[in-house]
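What follows is the residue order along each chain.
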Amino acid sequence: MAAVLERSFLEICGFERETVQRFRDITVNPGVNSLPGAVKYPDSAGGFYYEESGKLLSVTSNRFIHWTTSGDALQLVEQSLDTNLLNNAVRLRIVNCNLLPGGVHLQETHSHVIILIVTNQSVHRLVLPHPARMYRSELVTETQMQSVFTDIGKVDFRDPQNSYVIPSIPGQFPNSTASTAWLSSEGEALFALPSTSGGILIIKLPPHDVQGSVSILELKQSSVMQRFLTGWMPTAIRGDQGPSDLPLSLAVRQLENDAFIFALCQDHKLRMWSYKDQMCLMVADMMEYMPVNRDVKHSSGQGHKLRLSFSPSTGLCLGVYLAVPKRGQFCVFQLVSTESNRYSLDHISSLFATQETLIDFSLTSTDVWALWQDDENQTIVKYINFEHNQAAQWNQVFVQPPPAEEVTVGEEDDPREAYLGSLFSPSQFTTTALVKALQIYRRGGEKILDLSWEALKKEVTVAVENELQGSVTEYEFSQEEYRQLQVEFWSKFYACCLQYQEALSSPLALHVNPRTAMVCLLKKGYISFLIPCFAVDHLYLCSEGHLSNEEEETPVTDDPDAARDILQLVQCLRLIRESVTEEMACVMEKALEHMQSPERAAEQVLECLLGSDHDNVIEDVQNKMQAIQNPVNAMTILLREMNYEIETPMEDNLGAVQPLNVRMSLSQLFGSSAAVHLVGQAVCQNAMTRFLLCRDLLILQQLYLHLGGEVYFGEDGQLYQLQQDLVSRTSHCLCSYYLVRWASRCLSTAVPMDTLEANLQHLSVLDMSDSAALTPNKSVSSPQTVVELFFQTVARKRIIYQIYAQPDTPLTQAVLNWSELIAAISVYLLQHLWPSNPGFLFLECMMGNCQYTQLQEHIRLISPWCQVNVGSCRFVLGQCYLATGEGHKALQCFQEAATEVGKEEFLDRLIGGSDEEEAASAPRLQYYNKVLRLLEDVGLPELVIQLSTMAISEATDVRSQAALQTRIFKHHLDLGHNKQAYEALTQNPDPCRQLDCLRQLVVVLCERSQLHDLVEFPYVNLHDEVVTIIESRARAVDLMTHNYYELLYAFHINRHNYRKAGTVMFEYGMRLGREVRTLNGLQKQVNCYLCALNCLRLIRPEYAWIVQPVSGGVYERPGASPKRNYDGECAANPAGHRIEILELKDLQKEYILARNRMTLAQHDPNSAAIAGNASAVEMVALLVQAGLFDAALSLCQTFKLSLPPVFEGLAFKCIKLQYGGEAIQSEAWDWLAANQLSSVISTKESSATDEAWRLLSSYLERYKCQNGQYHRCVINKLLSHGVPIPNWLVNCYKEIDAAGLLRLYLNYDLLEEAAELVLEFVDALLGKGHQYFGIERPLSATAPLVWLPYLAIDQLLQALGENQSNINNANLYQKLQDKLALYYKHVSQATIRRQQNT
């Protein structure tokens, strides 16, 4: 790590890249009129530091207030390096009053911050809450805090307690700029300023929380104090005061019960007054400490300045600047008290200054800091130790150079881009300067407010381009002419910006904080900070006079010989720097930008220097080279000082051992956006200086090689060592600083929040989303460079913990030393940024914050020469390509990074979060798995397949190969590459994974309806598994949504396994009947049974059978899986289950039953749910109920069921029709149409009732029964409903079974019809109408035997005999008796004849 020299400092600008700082404007009206002819005071500035600003565990750590005054305006800004302050800027305008230069004084109490303001007509006091009162807890965790100015709007500025108009008598001395103010121990506010009489006027305001009146007193040289409470005595009457005693500069030192007021007067005398005693305690003539000069002694002083400094070790010191023509002198004194309360000054040192105009100076306990401005308005800042500096040598401060007066536009460069790059380059122009220039360039117009950095750049571009277009009068001109116009207008705007930037850069004051050793340069438009300069930078940048003094002590080495060589070497480098022109520098810049050899570029620059050495610079360099005894050693020491390479990464979690309050304070240290910007600028400044130094060193080395033996090299072999080692090391160092400089200038890209969240989601796949380096920054208030972004989000806490990691550091009392902290932070941050170091946090941070363009450029710049973290760089570059949609490039990068797994820390962390299963595999396979997850999360299946295929070649264990093959299968399947997915499935060595893939293949292809591919695959050694999978899926999913049964059917048909195909379709049909009781389901069931029948018909008859599917194979309960029980386990078949064999005839029956179900559902859709699983008997009843008698009769015949239920049903339909209304008649046509009626020619229009009876008649005729069973059941149905029996039905039945008809009559008490039937029957037996009763031959001796239903006839006779009261019954009874007697007679005769014949 480079040593730090506090003998020189660097200035870094503190303005950020944001919109113009918004001040809250507050107007204060003290009620006075402007003074006629009042002098316009120069602008001034000042600063205030809190007493505990250097304490770590304090709410005011690294916190200060600075202000500027201009006319009647006072701008106050509170800043913190640790937290961002809200409402921290306020602008006060005191009407008709001009603020005195240095007329703002701040003091703090335990509970308040008091602002004391002095104008040319009034004094004011502002009382604000102290930050410690606003935030009482030590643990302040907010990233933003309220400023003390937050509630300033609530202050009553017209309160007479806090505001007072200076009276005209004795009044303030006209045009005087001296003033001071302080708070007494009682809380009174006191203001001291020169009075019109030349004395010191003191105005005392009562404590802010106590009612009181304002008092005034005047301190006079005569040591008499006169109080003026009501009236005033004119100065002319007193006549005891002269203008030579007028105070030019006032300062006060507060004591416990008194205050010493120091006045440096026009007569070059320093007077000390006691406020308590109202008397002058000491008068010292400053001319006694200057070289004798009578002219100066007798002239009045004009520019004298006085400053005080107090420390416990040195006591009270006074710094006096005596401004005399053509020279200036600083005198430092120590106040010494003697006996009898007498005081004197002990002269410590006299320091002589240059002839420049002193703007301000500050005194500390050891140093004098001074700010000058020369005749060319250049700012000069120096400091000196007034005690230990025998040579009286002022130490340098290298101020920030102003922006270049002109912008160099190369032939290949676009003028607009070149000028925009210069205008918006970090720390070049303030936003205020750009906005003002834009306002002027627009010639007024709308006021520009709240423009973001990018919006401002766009507005500038539009304004300049519009101006250019408005000036063009010709319609055609060459490209070169247009380019010249661009340069002209852009240079005009650039010049305007330069003017405003120069005005805003005017120095006003120094602010030195002895608590933290921080020095700030207060300018008109912004504030800048001074940081310590490293030893090498100091040697390279310091002036010739300072460099000559370094011969006695060179901080980079203790060896005096090496020190002399280094000084000579640095002088050579300075000569080369001065001789390198802008064109030569551009050659080196372009070479590094285009990744060309720096050595070759240095050779070109050297050739140009040798060819254009008109001032003999190279000759001077050669002469100094001869004085270097050991150039290789000197170069080695310089390179060692500039190299930030470390062997191991910096430790993490260093702050974990600290107490909670310390960790919280450390976590906020340097956390504000201002501090982040300052650190970024410090690194940028360091990189810029070191880059130039390395460039000049490389040119010098080329000069050594060019001269060869002409230059003394000391020991042998040094030229070879220079050529083989030092040149490459210098080139490497040059490239490293070029990279750091680029990163510290390159602005980060504003990324939308949703993009950051999406990126974080992708990174979570890598199990690295909890890494601090990958956590996106969501609280950026202004544009940042990528270095600032990295420091704020990642590096800051690590670096702070690293600094305070020493266990012996008393952190609770730690003093925050600005110089030490900023130097240490810069060194540690450079180590993080150094490309040759093993740490990778910087690139991780850019990846986590979606800075893909910057990340690609960073990797492009380091790829030719940096061999550290090569694999990690390729990985994050792959991430960039993924984000930009270049997946194939990303895959190539990921593959290239795989070779470095196990060698680099970042890649080791990448695979460190793997689960136990992955951790058991090889590191490279773990890496591949992480990348594969990332590609899957991004959605690039083609790349997943490619990388998995490559990874298989490196997988040696079966588990890894199986996992990769599974991935390949999955993504091929997702992409629709069915064949490739099948091939990956077959190559999977793990049977379990293979079965899972096979199951997924079946399901996905079925869902996509790509059944042809699924059936055509050969499934070598997987046939049974496929069948099992499809069967299980078929039994587990909804039948109407998926077609796994049909798939399985096609699968078996394709392989000519017809019995299996038939079994599948039969099971499918069974499940449809039970589960899908809809018309569609019944139609599918019919088709299933047809398919099953066709399959069995294709088999030889002896093999045409299938096994009845078990009941567990289908749904038994609604919502239950067909193959699982309630616990989700596969249900075992019931014990002792019988296997049933179904032949072709059985399937035929099931088909007919299913077809009838479908027929019923088609006729009546509401019956589908009932008919879906109805048996044959149930179906007959349902068909009869629906009027489908043809189907019912066919079903009965198929299943050998009795037909009477059908006839009874039809008979009942006839009854309903016969006695129903028109609605029933019209409905009957529907079911009548569903039955096949024999065509009958009729001359009259028939009704539905007639058709129904005709249908019944046709059935009775078609389905004959020997015993007339169907007729009997029909007649019985009719009689049971009291319906008369149609004649045709009676005639038909008596021909078949007259005895049965008789019994039916008797059963329903139809005695008359029964008697008539018996009479006719007996007549038929006797030969009269025997053909109507089915009797072939009547009663005779030769005819077959005949019979009568005697029992029925007896029952009839008994019934008629029992009811003789009825004449009709009596007649019938008699007729029957007579007819039977006749019958008996014939029977006897026939019997005798038969006997005779036999």
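Residues numbered from 1 in each chain as written. Predicted model: local features only at pLDDT ≥ 70, side-chain atom pairs only at ≥ 80, totals over all residues. Heavy atoms only, no water.

**What about a negative patch on the surface?**
Part 1 of the argument: A cluster of like negative charges, contributed by Glu 405, Glu 406, Glu 502, Glu 582 and Glu 583, occupies part of the molecular surface.
Part 2 of the argument: Taking relative accessible area as the criterion, Glu 583 reaches 58% and is therefore assigned exposed. (Patch = residues over 30% accessible without salt bridge, like charges linked within 9 Å, V, L, I, M, F, W, Y side chains within 5 Å. Areas by Shrake-Rupley, 256 points an atom, 1.4 Å probe, with all protein chains shown as cover. Salt bridge = Lys/Arg side-chain N within 4 Å of Asp/Glu carboxyl O. Lys, Arg positive; Asp, Glu negative; His and termini not counted. Charge placed at Lys NZ, Arg CZ, Asp CG, Glu CD. Buried < 20%, exposed > 50% of the residue type's maximum accessible area, 1.4 Å probe, protein only.)

**Observations concerning the pairing of strand β15 (residues 200-205)**
Part 1 of the argument: Of all six residues in β15, five are buried, a share of seventy percent or more.
Part 2 of the argument: Bridging between strand β14 (residues 189-194) and β15 involves six bridges; their strand directions are antiparallel. By the bridge assignment, Leu 193 is partnered in β15 with Leu 201.
Part 3 of the argument: The turn joining β14 and β15, which pair antiparallel and follow one another in sequence, is formed by five residues; a positive phi near 95° is taken by Gly 198.
Part 4 of the argument: Alignment of β15 against strand β16 (residues 215-219), held across five bridges, turns out to be antiparallel. Bridging from a neighbouring strand, Ile 202 pairs with Leu 217 of β16. (Helix = DSSP H or I, 4+ residues; strand = E, 2+ residues; numbered from the N terminus. Pairing = 2+ DSSP bridges.)

**Observations concerning the confidence of the model for the protein chain**
Part 1 of the argument: For the protein chain, per-residue confidence averages 85 on the pLDDT scale, and 89% of positions sit at 70 or higher.
Part 2 of the argument: In the model, residues 223-242 has pLDDT below 50 throughout and makes 34 contacts with residues more than four positions away in sequence or in other chains. (pLDDT = per-residue confidence, 0-100. Contact = heavy atoms within 4.5 Å.)

**As for the sheet that holds strand β25 (residues 342-353)**
Part 1 of the argument: With respect to topology, four strands assemble into an open sheet ordered β22-β23-β24-β25, the strand pairing being antiparallel. Across the chains shown, the open sheet's two edge strands, defined by having one partner strand only, are β22 (305-311) and β25. Shown here is a sheet whose adjacent strand axes are inclined to one another by a mean of 25°, direction ignored.
Part 2 of the argument: Pairing geometry for strand β24 (residues 327-338) and β25, over eleven bridges, is antiparallel. The residue bridging Cys 331 from the neighbouring strand is Ser 350, located in β25. (Axes fitted to C-alpha atoms, helices over the stretch in contact; angles between N-to-C directions.)

**Looking at a nonpolar patch on the surface**
Part 1 of the argument: Residues Val 1107, Ile 1139 and Ile 1141 make up a contiguous nonpolar surface patch of roughly 280 Å² in combined accessible area.
Part 2 of the argument: The topology assignment puts Ile 1139 in the loop between β33 (1105-1107) and β34 (1141-1143).
Part 3 of the argument: With a relative accessible area of 66%, Ile 1139 lands in the exposed category.

**A few points about helix α15 (residues 660-668)**
Part 1 of the argument: Listing the buried residues of α15 in full gives Val 662, Ser 665, Leu 666, Ser 667 and Gln 668.
Part 2 of the argument: Where the residues of α15 are buried, they touch α19 (786-803).

**Concerning the side chain of Ser 579**
Part 1 of the argument: With respect to the helices and strands, Ser 579 occurs in helix α10 (residues 560-579).
Part 2 of the argument: With sequence-adjacent residues up to four places away left out, Ser 579 is seen in contact with Met 584, Leu 609 and Val 617.

**A closer look at the environment of Gly 1172**
Part 1 of the argument: Mapped onto the elements of the fold, Gly 1172 is located in the loop between α38 (1168-1171) and α39 (1176-1186).
Part 2 of the argument: As for Gly 1172 and Arg 1074, which are separated by 98 residues in sequence, their C-alpha atoms are 6.2 Å apart.
Part 3 of the argument: Setting aside its immediate chain neighbours within four residues, Gly 1172 contacts Gly 1073, Arg 1077, Leu 1082, Gln 1085 and Arg 1157.

**Brief notes about the nonpolar core**
Part 1 of the argument: In terms of nonpolar packing, the biggest core is built from 299 residues, with Phe 670, Leu 700, Leu 829, Phe 875, Tyr 927, Tyr 1019 and Phe 1207 touching the most fellow members.
Part 2 of the argument: Here the element with the most residues in this core is helix α16 (residues 673-707); it accounts for 17 residues.
Part 3 of the argument: Those residues in contact with Leu 700 that lie beyond four places of it in its chain are Leu 569, Cys 572, Leu 573, Ile 576, Val 621 and Met 625.
Part 4 of the argument: Formed by 27 residues, the second largest nonpolar core is a distinct cluster that contains Phe 424, Val 435, Leu 456 and Val 464. (Core = buried A, V, L, I, M, F, W, Y, C linked by side-chain atoms within 4.5 Å.)

**Side note on the sheet that holds strand β9 (residues 112-119)**
Part 1 of the argument: The strand order across the open sheet formed by four strands is β8-β9-β10-β12, and the pairing between neighbours is antiparallel. Both outer strands of the open sheet, β8 (99-108) and β12 (163-165), are each paired with one neighbouring strand and no more. Going across the sheet, the axis of each strand differs from the next one's by a mean of 10°, ignoring polarity.
Part 2 of the argument: Taken together, the six bridges between β8 and β9 define a ladder with antiparallel strand orientation. The residue bridging His 105 from the neighbouring strand is Leu 116, located in β9.

**Focus on helix α44 (residues 1269-1280)**
Part 1 of the argument: If you check α44, its first and last C-alpha atoms are 16 Å apart, about what twelve residues at 1.5 Å a residue would give, namely 16 Å.
Part 2 of the argument: Among the residues of α44, those classed as buried are Tyr 1270, His 1271, Cys 1273, Val 1274, Ile 1275, Leu 1278 and Leu 1279.
Part 3 of the argument: Summarising the contacts, the buried residues of α44 are in contact with α41 (1204-1219), α43 (1248-1262) and α45 (1287-1307).
Part 4 of the argument: Phi for Gly 1282, located one or two positions after α44, is positive at around 70°. (Expected span 1.5 Å × (residues − 1).)

**Describing the packing of helix α31 (residues 991-1007) against helix α33 (residues 1023-1036)**
Part 1 of the argument: In contact at an axis separation of 10 Å, α31 and α33 are set at 55° when each is read in the N-to-C sense. With respect to α33, the element α31 is oriented oblique. Read as a crossing pair, α31 and α33 show a hand that is right-handed. Here Leu 995, Leu 998, Arg 999, Val 1002 and Val 1003 of α31 lie close against α33, whose contacting residues are Glu 1025, Val 1026, Ile 1029, Ile 1030 and Arg 1033.
Part 2 of the argument: In the contact of α31 with α33, the residues fall into seven nonpolar, no polar and three charged. (Parallel < 35°, antiparallel > 145°, perpendicular 65-115°, else oblique. Left-handed = near helix turned anticlockwise from the far one by under 90°. Nonpolar A, V, L, I, M, F, W, Y, C, P; charged D, E, K, R; others polar.)

**Focus: the packing of helix α37 (residues 1144-1163) against helix α40 (residues 1189-1198)**
Two measures define how a pair of helices packs: the angle their axes make with one another and the distance between the axes.
Part 1 of the argument: Packing of α37 against α40 leaves a shortest axis separation of 10 Å and a crossing angle of 165°. Our classification of the angle between α37 and α40 gives roughly antiparallel. For the pair α37 and α40, the sense of crossing is left-handed. Residue-level inspection shows Lys 1149, Ile 1152, Leu 1153 and Asn 1156 of α37 in contact with α40, the latter providing Ala 1191, Leu 1195 and Thr 1198.
Part 2 of the argument: Of the residues contributing to the contact of α37 with α40, the split by class is four nonpolar, two polar and one charged.

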